[in-house]
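Structural overview
What follows is the residue order along each chain.
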Amino acid sequence: MSSTDARTDAGATPAIAPADAVTDEVADTGPGADELTGSEPGVGTDVADTLDLRLPDELIDLIAGQGETGGQASGSVGQGTGAVLPGYGHPVDGTRPHAPCGTSTALADDDLLDNVGAWGPVTTRSGVFQLVPVRIERDLALISRWMNDPAVAAFWELEGPESVTENHLRPQLDGDGRSVPCLGVLDGTPMSYWEIYRADLDPLARHYPARPHDTGVHLLIGGVANRGRGLGTGLLKAVADLVLDHRPPCARVVAEPDLRNTPSVSAFLSAGFRFSAEVELPDKRAALMIRDRALRALL
């Protein structure tokens, strides 16, 4: 799948959007399978690429600490006590409910992305927005339906039966926490799909001068009714702010929409990102977009 244009409208907007495709700033900017897994185009994509990078010291310390307190490899998921997000069953305070039996919770409380599920809601001009980590048993049918939208499939390349989407989600959910798939919930209604990932630990890091804790964003706007009306820019800004607010070590939020996808690049610019460089990726020529913590007050 095309790696970053699928991420633009909340995923990745088409590089050259067809007449019936989403033309809002960010329609779909999702990663391609090759980018997500680090495999060569056409090679199986069910194994995540580790890049042979060393895990951060804080994660090593975490694992060591867990071993001293009972040898549990993954933290337990705390029971939230906040009000339930209307219509979606998630506490408004951002804490996560216990996962059902059989659901992976690896590194759920202290992961490489500082517990995305606990970031909580934020008020935007479009309503109250929250990133809710994906649960296969609850969310697969919805995400698969979005992936079968032709405007989305053109860039994510995950059309087909639900098993195709599940095979994309499972490596992230069962992995070490370097990529967290989420639903974007607006006023209690799931309306977008996001992937928050450690760009410095991703195959993308081979193609630009990555810095420790660089955090990447992939997204797509799910429903046609939510596209083309300015949601992309506002939600991109909100999510970038969430990253910077909840990940103190992160100095930059990055994205790489297709360079030809002018609406997508424009959305990132309007959301406070700057154009950094053209980057030649395996499946496209991308615009490396960066939102700097240091320039946050100015953009």
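The structure contained in this document is the topic of the report that follows. (Residues numbered from 1 in each chain as written. Predicted model: local features only at pLDDT ≥ 70, side-chain atom pairs only at ≥ 80, totals over all residues. Heavy atoms only, no water.)

When helices and strands are tallied, the protein chain shows seven helices and eight strands. Put simply, the protein chain has 299 residues, and 55% of those count as buried. Looking at the protein chain alone, contacts between residues at least 24 apart form 64% of all its contacts between residues at least 6 apart. Surface exposure of the protein chain reaches about 12,100 Å², of which carbon and sulfur atoms provide 55%. (Helix = DSSP H or I, 4+ residues; strand = E, 2+ residues; numbered from the N terminus. Buried < 20%, exposed > 50% of the residue type's maximum accessible area, 1.4 Å probe, protein only. Contact = heavy atoms within 4.5 Å. Areas by Shrake-Rupley, 256 points an atom, 1.4 Å probe, with all protein chains shown as cover.)

What follows deals with helix α3 (residues 136-147). Among the residues making up α3, those that are buried are Ile 136, Asp 139, Leu 140, Leu 142, Ile 143, Ser 144, Trp 146 and Met 147. Packing partners of the buried residues in α3 comprise β2 (127-133), α4 (150-156), α5 (162-173), β3 (179-186), β4 (189-198) and β5 (215-221).

The mixed open sheet is built from eight strands, whose spatial order is β1-β2-β3-β4-β5-β6-β8-β7. For this open sheet the edge positions go to β1 (122-124) and β7 (274-281), each flanked by a neighbour on one side alone. Along the sheet, successive strands turn relative to each other by an average axial angle of 30°, direction set aside. Strand direction decides the pairing type here: β1 and β2, joined by three bridges, are antiparallel. Along β2, the bridge assignment pairs Val 122 with Phe 129. Relative to β4, helix α6 (residues 231-246) is tilted by about 45°, and along the sheet it contacts β1, β2, β3, β4, β5, β6 (252-255) and β8 (284-292). (Pairing = 2+ DSSP bridges. Axes fitted to C-alpha atoms, helices over the stretch in contact; angles between N-to-C directions.)

The subject of this paragraph is the pairing of β7. Direction of pairing for β7 relative to β8: antiparallel, over a ladder of seven bridges. Paired with Phe 275 across the strands is Met 289, a residue of β8. In this antiparallel pair of consecutive strands, β7 and β8, the connection spans two residues.

What follows covers the pattern of salt bridges. For the structure shown, the criterion picks out 15 salt bridges. In this structure, the salt-bridge partner of Arg 170 is Glu 166, at a minimum N-O distance of 3.1 Å. On the criterion of helical spacing, the pair formed by Arg 170 and Glu 166 is a turn pair, its members being four residues apart in helix α5. The exposure class of Arg 170 is partly exposed, given its relative accessible area of 32%. Here Arg 296 and Asp 241 are joined by a salt bridge, their closest N and O atoms 3.4 Å apart. Within this pair, whereas Arg 296 is found in the segment after β8, its partner Asp 241 is found in helix α6, the two being separated by 55 residues in sequence. Take Arg 296: its relative accessible area is 26%, and that puts it in the partly exposed class. (Salt bridge = Lys/Arg side-chain N within 4 Å of Asp/Glu carboxyl O.)

Our next topic: the side chain of Thr 215. Note on placement: Thr 215 falls in strand β5. A distance of 3.0 Å separates the side chain of Thr 215 from the backbone oxygen of His 213, its partner in a polar contact. (Polar contact = N/O pair within 3.5 Å; in protein donor to acceptor, adjacent residues only side chain to side chain.)

Of all hydrophobic cores here, the largest spans 32 residues; its most connected members are Val 116, Phe 129, Leu 131, Trp 194, Ile 196, Val 217 and Leu 236. Secondary-structure elements contributing two or more residues to this core are β2, β3, β4, β5, α6, β6, α7 (262-270) and β8. It is α6 that contributes the most residues to this core, eight residues altogether. Discounting residues that sit within four places of it in the chain, Ile 196 has contacts with Leu 113, Val 116, Trp 119, Leu 131, Arg 178, Ser 179, Val 180, Thr 215, Gly 216, Val 217, Val 239 and Val 243. In this structure, Leu 140, Leu 142, Met 147 and Leu 169 belong to the second largest nonpolar core, which totals 18 residues. (Core = buried A, V, L, I, M, F, W, Y, C linked by side-chain atoms within 4.5 Å.)

With that settled, consider the environment of Ala 287. Here Ala 287 is to be found in strand β8. Judged by relative accessible area, Ala 287 falls into the buried class, the value being 0%. Taking the C-alpha atoms as reference points, Ala 287 and Arg 274, 13 residues apart in sequence, are found 9.8 Å from one another. Contact partners of Ala 287, with chain neighbours within four places excluded, come to Ala 255, Glu 256, Pro 257, Asp 258, Leu 259, Val 265, Phe 275 and Ala 277.

Of all the nine residues making up β8, eight are buried; the element is thus mostly covered by neighbouring parts of the structure. In the sheet, β6 pairs with β8 via four bridges, with the strands oriented antiparallel. The partner of Val 253 across the bridge, within β8, is Arg 291.

What follows is about the packing of α3 against α5. At a closest axis distance of 9 Å, the pairing of α3 and α5 adopts a crossing angle of 125°. Viewed along their axes, α3 and α5 adopt a mutual orientation that is oblique. Relative to α5, the crossing made by α3 is right-handed. Across the interface between the two elements, Ile 136, Leu 140, Ala 141, Ile 143, Ser 144 and Met 147 of α3 pack against Glu 162, Thr 165, Glu 166, Leu 169, Arg 170 and Leu 173 of α5. Classifying every residue of the contact of α3 with α5 by side-chain character gives seven nonpolar, two polar and three charged. (Parallel < 35°, antiparallel > 145°, perpendicular 65-115°, else oblique. Left-handed = near helix turned anticlockwise from the far one by under 90°. Nonpolar A, V, L, I, M, F, W, Y, C, P; charged D, E, K, R; others polar.)

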